Amino acid sequence: MADYKNEFGWFAEKPTVEKKIYDRGKIIIGLVVFLVIFTIAFWKNLGKAIPPPQPSLKTPAILKLPEKERKCVEDRQFMREKHMRLLINWRDQVVRTGDRTYINSKGQKYFISLSNTCLQCHSNKSQFCDECHNYVAVVPNCWGCHSTKEQTVAKAEAK
Amino acid sequence: MGINRREFIKLAGLSALLGLGGRAAFELVLPGEVDAAQKAKPALQGATRWAMVVDMRKLNDQIAAKCIQACHSIHNVPDYMHPPNPKLTLPKELQQRWEIKWIWTDQYEHAFPGFEQDYLWEKLHGMNFLLLCNHCHNPPCVRVCPTKATFQRADGIVMMDMHRCIGCRFCMAACPYGARSFNWRDPRPYIPKVNESYPTREIGVVEKCLFCNERLAQGQQPACVEASEGALTFGNLADPKSKVRELLRTHFTIRRKPQLGTNPQIYYIV
């Protein structure tokens, strides 16, 4: 009397299947090759320290200002962390409502214009904007339309 | 098994009844207008309503060319007819197809269809009118834009948000004045001299005259008005003492295709 059933029918006893990886050598070599290729970026940069970005503030427009007045619309920390939010809000405010004044946290008034205020001081895109953007691999498309005095387009953006 | 004749007739009768009464039932359950139905919009309530009066008695081809030059150079409008680099010369067909214009001229007969007559005031015949976006009070381009990239500001300017434009060109189909142009390619190489204080455009967006909103924000007149030697007058229609209102009060003016109901806001004194 058969006492074991599987999808192929009733059997006298449980059929034994040989536990074996066919073509074991090839599979293991393939796995190793895959792993190496998959992680090659890590191996290549192993032990290397990527220098932190150092955006340069040395543009003619900034250097012309007296030392005390070399300030952006908000303080350094805010601009570092939140300039993208600020710029997006400015963009929506100016284009959608036409209101071009910004009042900063200290109550000072500024005229909003990316091309005419921001980029007048920060005219060194490759040493200022690209420095951090390339480091963190983000590709903002602002410069597709808002031109800088530098006509060269960053590598990241040309993609 | 099919149905017998008696049942078929019953069913057909019921269906016909539903078909006839269906619309009424729909109205009962979901009253209101169909979204696409067009209605005249109430006038804008703002304290400002920008408009322009073009005095064709003062305008000639030289002044028109100066206005066009002033506008196009400030706003980085590419010139496909005369590329800055001779290597970029285009075949005639593409020069026309890619043309981008914010302000341009065309003859009376083309600009004012419906006004033609067999025996016309001869001065009008072939007269070159200065044309631009009409900043309609009831703008069809705004109605069709699927992303609200083009919209009407409270002061009446039909504005473009290039950041939102997806390049579907519905607005170009909707505009009865041909005031909109599409960027079929990256325009930068064809801009004679880039004005860095104004953005350029990218491939795939529509552009048009924006009534120099960036100059208005700084209290300046539009560029074409400044270059026009008095032929163009720009002002606030909502202000009864403004110069445009004065001109409209004292002169007979015509507008382009007013019969279409877009309520254009560029007025021509002929």
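Below: a short report on this structure. (Residues numbered from 1 in each chain as written. Chains lettered and ligands numbered in written order. Predicted model: local features only at pLDDT ≥ 70, side-chain atom pairs only at ≥ 80, totals over all residues.)

**Notes on the overall build of chain A**
For chain A, the count of helices and strands is seven helices and four strands. Beginning at the N terminus, the succession of helices and strands in chain A can be written as β-β-α-α-α-α-β-β-α-α-α. Relative to the globule expectation of 15 Å for 159 residues, the C-alpha radius of gyration of chain A, 30 Å, shows a markedly less compact shape. By its C-alpha atoms, chain A is 100 × 40 × 30 Å across when sized along the principal axes. Per-residue burial for chain A yields a buried fraction of 8% across its 159 residues. Partitioning the intrachain contacts of chain A with sequence separation of at least 6 by distance along the chain shows that 50% fall at a separation of at least 24. (Helix = DSSP H or I, 4+ residues; strand = E, 2+ residues; numbered from the N terminus. Rg over C-alpha atoms; globule rule 2.2 N^0.38 Å. Buried ≥ 20, exposed ≤ 12 C-beta atoms within 10 Å, placed from the backbone. Contact = placed C-beta atoms within 7 Å.)

**Quick notes on unusual backbone geometry**
Note: most residues except glycine have negative phi, and most peptide bonds are trans. Residue and element names in this part refer to chain B. The backbone phi angle of R169 is positive, close to 65°, even though this residue is not glycine. Residue position: R169 is located in the loop between strand 5 (158-160) and helix 6 (170-174). On the basis of neighbour count, R169 is assigned to the partly exposed category, with 15 C-beta atoms found within 10 Å. Even without being glycine, K257 reaches a positive phi, approximately 45°.

**Regarding the sheet that holds strand 1 (residues 50-55) of chain B**
All names here are of chain B. Across the sheet, four strands lie side by side as 8-1-10-9; this open sheet has mixed pairing. In this open sheet, the two edge strands, each paired with only one partner strand, are strand 8 (232-236) and strand 9 (253-254). In the sheet, strand 9 pairs with strand 10 (residues 266-269) via two bridges, with the strands oriented antiparallel. Opposite I254, over in strand 10, you have Y268 as the bridge partner. Sheet strands touched by helix 9 (residues 243-250): strand 1, strand 8, strand 9 and strand 10. Its angle to strand 8, the strand with the most contacts, is close to 115°. (Pairing = 2+ DSSP bridges. Axes fitted to C-alpha atoms, helices over the stretch in contact; angles between N-to-C directions.)

**As for the interface of chain A and chain B**
Of the residues lining the interface, 12 residues belong to chain A; the matching set on chain B comes to 14 residues. Secondary structure elements with two or more residues in the side of chain A that touches chain B: helix 4 (76-97) and helix 5 (114-121) of chain A. It is helix 4 of chain A that provides the largest number of residues to the side of chain A that touches chain B, a total of three residues. Tallied by class, residues from the side of chain A that touches chain B come to two nonpolar, six polar and four charged. (Nonpolar A, V, L, I, M, F, W, Y, C, P; charged D, E, K, R; others polar.)

**Observations regarding helix 1 (residues 5-29) of chain B**
Residues and elements named next belong to chain B. The first and last C-alpha atoms of helix 1 sit 34 Å apart over 25 residues, in line with the 36 Å expected at 1.5 Å per residue. Along its length, helix 1 reaches its greatest deviation from straightness, about 45°, at G21. Counting buried residues in helix 1 gives zero out of 25 residues, a small share hidden from the surface. (Expected span 1.5 Å × (residues − 1). Bend = angle between axes of the 7 residues up to and from the residue.)

**A short note on the environment of P55 of chain A**
All names here are of chain A. With respect to the helices, strands and loops of the structure, P55 is situated in the loop between helix 2 (40-44) and helix 3 (60-64). Residues P55 and C121, 66 residues apart in the sequence, show an inter-C-alpha distance of 13 Å. Setting aside residues no more than four positions away along its own chain, P55 makes contact with Q127, F128, E131 and C132.

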